[in-house]
Amino acid sequence: MAEREFDIVLWGATGATGRRTAHHLARRCGESGLRLAMGGRNRDKLETVHDDLPDTGSTSAILVGDSHDTAFLGTMAARTRVVVSTVGPFALHGSELVAACVENGTHYCDLTAEPQWMRAMIDLHQQRARETGARIVHACGHDSIPSDLGVQFLQDAALARYGKPCKRVTTRVTRMKGGFSGGTAASFLNAMRLRETDPDFDRLSKDPYALCPEGERQGPDGPDRMMPVEVTWDPDLQAWTKPYFMGPMNSKVVRRSNAIMEYPYGRDFRYQETALTRSGIGGWGAAMRSTIFGRLFLIAMAIPTTRGLLQRYVLPKSGEGPSKEVRESGSYELVQVGEMPDGTILKARITGQGDPGVRSTTLMLTEAALCLAEDEGNITVGGGFWTPAAAMGTLLRDRITEHAGMSFELIPDNQV
Ligand SMILES: NC(=O)c1ccc[n+]([C@@H]2O[C@H](COP(=O)([O-])OP(=O)(O)OC[C@H]3O[C@@H](n4cnc5c(N)ncnc54)[C@H](OP(=O)(O)O)[C@@H]3O)[C@@H](O)[C@H]2O)c1
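Residues numbered from 1 in each chain as written. Predicted model: local features only at pLDDT ≥ 70, side-chain atom pairs only at ≥ 80, totals over all residues. Heavy atoms only, no water.

Moving on, we come to the pattern of salt bridges. It is possible for side chains bearing opposite charge to pair when their charged atoms get close. One pass over the full model with this rule turns up 29 salt bridges. Close ionic contact of Glu339 with Arg168 constitutes a salt bridge, the shortest N to O distance being 2.7 Å. Here the residue Glu339 occupies a position in strand β11 (residues 331-339), and Arg168 occupies one in strand β7 (residues 168-177), the gap between them amounting to 171 residues. The residue Glu333 makes a salt bridge to Arg349 at a minimum N-O spacing of 3.0 Å. Here Glu333 is found in strand β11, whereas its partner Arg349 is found in strand β12 (residues 345-353), with 16 residues between them in sequence. Residue classification places Glu333 among the buried residues on the basis of a relative accessible area of 14%. For Arg349, a relative accessible area of 17% translates into the label buried. Shared partners join several salt bridges into a network, and the residues in it are Arg28, Glu31, Glu367, Glu374, Asp375 and Arg399. (Salt bridge = Lys/Arg side-chain N within 4 Å of Asp/Glu carboxyl O. Helix = DSSP H or I, 4+ residues; strand = E, 2+ residues; numbered from the N terminus. Buried < 20%, exposed > 50% of the residue type's maximum accessible area, 1.4 Å probe, protein only.)

Rendered as structure tokens:
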């Protein structure tokens, strides 16, 4: 890419995740000598964030504009090599920016966990992104980097050890400690509204292959469901499982990775993601309680009156998120189980330090943006819409292991 004024523009530096991302980026760009600019719609707020940043000499400009101002976004995208965005709900505020990055051949990553919007962006811009060379990578937060890069890690190990990929991988969330931010609540509320108005919403939510390219939307996995209630026994890990709220979204991303990387996991690859409790009646009870609570919450969110009450009195507002203490004391763990065609089992553990919703997410997003900028020449894929695994793979895995408090490790036989 020809020289541009900035290496990275952070779009949305004033929100709950944006402020944290600004800090991480200022520090990391300072270390790497990258030129960083920060953008958003409110100059005063941006200046406050800017004044609070560590003085690393990396932040050179503040860009003020609106997410729906296409002329402004076009100019901004043309001035930088990479845009990283936290302005969500992306279905409401993200489309014009993606179009601007695609048109200007500017690499882009974000935090969206909205598969319907991702599908729409791919359909609208894939061809043009291939032409301009813009690498567009959605889902660069806790949704869906640990799942996507975790499966790739396990499959790389299977290939290295046995010369074949696992035919089935299950991801179990075994620990999750932290909170979530106002933007996540807003994205969820927007999804519940879209469900009522968009006739395609449910079809796409249920389709496990909804993010795969046209002609590749079939495979052995059954439909995803918005309100699953199953409590099931996991024979691999000898414990009860319950639905994991983000499982359907992460699974769609993992299946898209397999399809767009031309099936390194095989065409008959099966994937499932749920949360794990314990064994015994206690584990079953815990899974049941949490499933029933989750179901009641979803029902309350589906009814406009209760949704309004939850929005007003319970859910965090824009700009709000977990406290510093929660962010820093949070953590999570995923255990992945892969089954080889002959039944051999391979297991991996993925851990993250910091609460998944804000701290870990913003550290991962920061590394994704740095990867697009610093590893531009090492990334092997061209322009287009990619997943984290397909675009950045081990480059990003190494970065988040070194700089984002994450670990990926194989679990020795007979240990969980
Ligand atoms: N993938 C994951 O794991 C993950 C984790 C966390 C969050 N997220 C997603 O990340 C997004 C951000 O979450 P958040 O909690 O940081 O949200 P937030 O606190 O509400 O921040 C939203 C940001 O967008 C800006 N904004 C809104 N409308 C705009 C417009 N028209 N023009 C320019 N800027 C505008 C806001 O600016 P002002 O400050 O001026 O209002 C703010 O900077 C959400 O979509 C959320 O779902 C994903």
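Time to look at the domain arrangement of the protein chain. Its domain assignment divides the protein chain into domain 1 (6-142 + 359-399) and domain 2 (145-355 + 405-411). Inter-centroid distance (C-alpha atoms) of domain 1 to domain 2 is 24 Å. Between domain 1 and domain 2, the residue contacts involve 35 residues of the former and 38 residues of the latter. Summing the contributions of domain 1 and of domain 2, the shared interface buries around 3100 Å²; its carbon and sulfur component is 65%. Inspection of the region where domain 1 meets domain 2 yields one salt bridge. Across the domain 1-domain 2 interface, the total number found is 13 residue pairs in polar contact (both at pLDDT 80 or more). Contributing elements (two or more residues each) for the side of domain 1 that touches domain 2: α1 (16-32), α4 (90-93), α6 (115-132), α14 (356-374), β13 (384-386), α15 (388-391) and α16 (393-403). (Domains from an automatic or database assignment. Contact = heavy atoms within 4.5 Å. Buried area = accessible area lost by both parts, 1.4 Å probe. Polar contact = N/O pair within 3.5 Å; in protein donor to acceptor, adjacent residues only side chain to side chain.)

Now for the site of the ligand. In the vicinity of the ligand there are 31 residues, among which Thr14, Thr17, Ser181, Ser318 and Gly319 approach most closely. Between the ligand and Ala16 there is a distance of 2.9 Å, counted from an oxygen atom to a backbone nitrogen or oxygen. Within the side chain of Lys45, one N or O atom sits 2.8 Å away from an oxygen atom of the ligand. The element contributing the most residues to the shell around the ligand is helix α8 (residues 182-197), with four residues. (Near = heavy atom within 4 Å.)

Turning next to the layout of surface pockets. Rolling a probe over the atoms, with the probe sized like a water molecule, indicates the empty space that remains. Taken as a whole, the second largest pocket spans an internal volume of roughly 190 Å³. Along the walls of the second largest pocket sit 16 residues, with Ile122, Gln126, Arg130, Pro213 and Arg256 positioned nearest its centre. A breakdown of the residues in the lining of the second largest pocket according to their chemical character gives six nonpolar, five polar and five charged. Two domains each provide a minimum of three residues to the lining of the second largest pocket, namely domain 1 (6-142 + 359-399) and domain 2 (145-355 + 405-411). (1 Å grid on protein atoms, 1.4 Å probe; cavity = no way out; pocket = protein on both sides within 12 Å on 5 of 7 lines; lining within 4 Å. Points joined across faces, edges and corners; volume = space filled by probe spheres on them. Nonpolar A, V, L, I, M, F, W, Y, C, P; charged D, E, K, R; others polar.)

With that out of the way, let us pick up the nonpolar core. Ranked by size, the top nonpolar core spans 95 residues in total, and within it Ile8, Tyr108, Cys109, Met392 and Ile400 carry the most contacts. Tallying contributions element by element places α14 first for this core, with nine residues. Both domain 1 (6-142 + 359-399) and domain 2 (145-355 + 405-411) contribute no fewer than three residues apiece to this core. Sequence-distant contacts of Cys109, defined by excluding residues within four places in its chain, comprise Val83, Val84, Ser85, Val137, Cys140, Leu365, Ala368, Ala369 and Leu372. Core analysis: the second largest hydrophobic core is formed by nine residues, Phe188, Met192, Leu310 and Leu315 among them. (Core = buried A, V, L, I, M, F, W, Y, C linked by side-chain atoms within 4.5 Å.)

What follows covers a nonpolar patch on the surface. On the surface, a nonpolar cluster with roughly 350 Å² of combined accessible area is contributed by Ile292, Leu296, Ile299 and Ile303. Of note, Ile292 is situated in helix α11 (residues 280-302). By relative accessible area, Ile292 is classed as partly exposed at 49%. (Patch = residues over 30% accessible without salt bridge, like charges linked within 9 Å, V, L, I, M, F, W, Y side chains within 5 Å. Areas by Shrake-Rupley, 256 points an atom, 1.4 Å probe, with all protein chains shown as cover.)

So, on to the side chain of Arg256. Here Arg256 shows up in helix α10 (residues 247-260). One buried charge, Arg256, has no salt-bridge partner; the nearest side chain with opposite charge is Asp123, at 7.6 Å. Each residue touching Arg256, except ones within four places of it in the same chain, is listed here: Ile122, Gln126, Leu211, Cys212, Pro213, Phe385 and Thr387. (Lys, Arg positive; Asp, Glu negative; His and termini not counted.)

Here we come to the sheet that holds strand β6 (residues 135-137). The seven strands are arranged β3-β2-β1-β4-β5-β6-β13 in an open sheet whose pairing can be described as parallel. Edge strands, defined here as strands with exactly one partner in the open sheet, are β3 (59-64) and β13. Within this sheet the neighbouring strands show an average axis-to-axis angle of 20°, counted without direction. With five bridges joining them, strand β1 (residues 6-11) and strand β4 (residues 80-85) adopt parallel strand pairing. (Pairing = 2+ DSSP bridges. Axes fitted to C-alpha atoms, helices over the stretch in contact; angles between N-to-C directions.)

A few words now on the packing of helix α3 (residues 70-79) against helix α5 (residues 95-104). At their nearest, the axes of α3 and α5 sit 8 Å apart, and the two run at 45° to each other. If you check the angle between α3 and α5, you find them oblique. Along this stretch, α3 crosses α5, giving a crossing that reads as right-handed. For the pair formed by α3 and α5, the contact residues are Thr70, Leu73, Gly74, Met76, Ala77 and Ala78 on the first element and Glu96, Leu97, Ala100, Cys101 and Asn104 on the second. Classifying every residue of the contact of α3 with α5 by side-chain character gives seven nonpolar, three polar and one charged. (Parallel < 35°, antiparallel > 145°, perpendicular 65-115°, else oblique. Left-handed = near helix turned anticlockwise from the far one by under 90°.)

The subject of this paragraph is the sheet that holds strand β8 (residues 232-234). The strand order across the open sheet built from seven strands is β8-β9-β10-β7-β11-β12-β14, with neighbouring strands paired in mixed fashion. Two strands in the sheet have a free side with no partner beyond their single neighbour: β8 and β14 (406-411). Neighbour-to-neighbour, the strand axes of this sheet turn through a mean angle of 35°, independent of strand direction. Two elements, β8 and strand β9 (residues 239-243), share three bridges in a ladder whose sense is antiparallel. In the strand pairing of β9, Trp233 is matched with Trp240. Set on the sheet, α14 makes contact with β7, β11, β12 and β14; between it and β11 the angle comes to about 70°.

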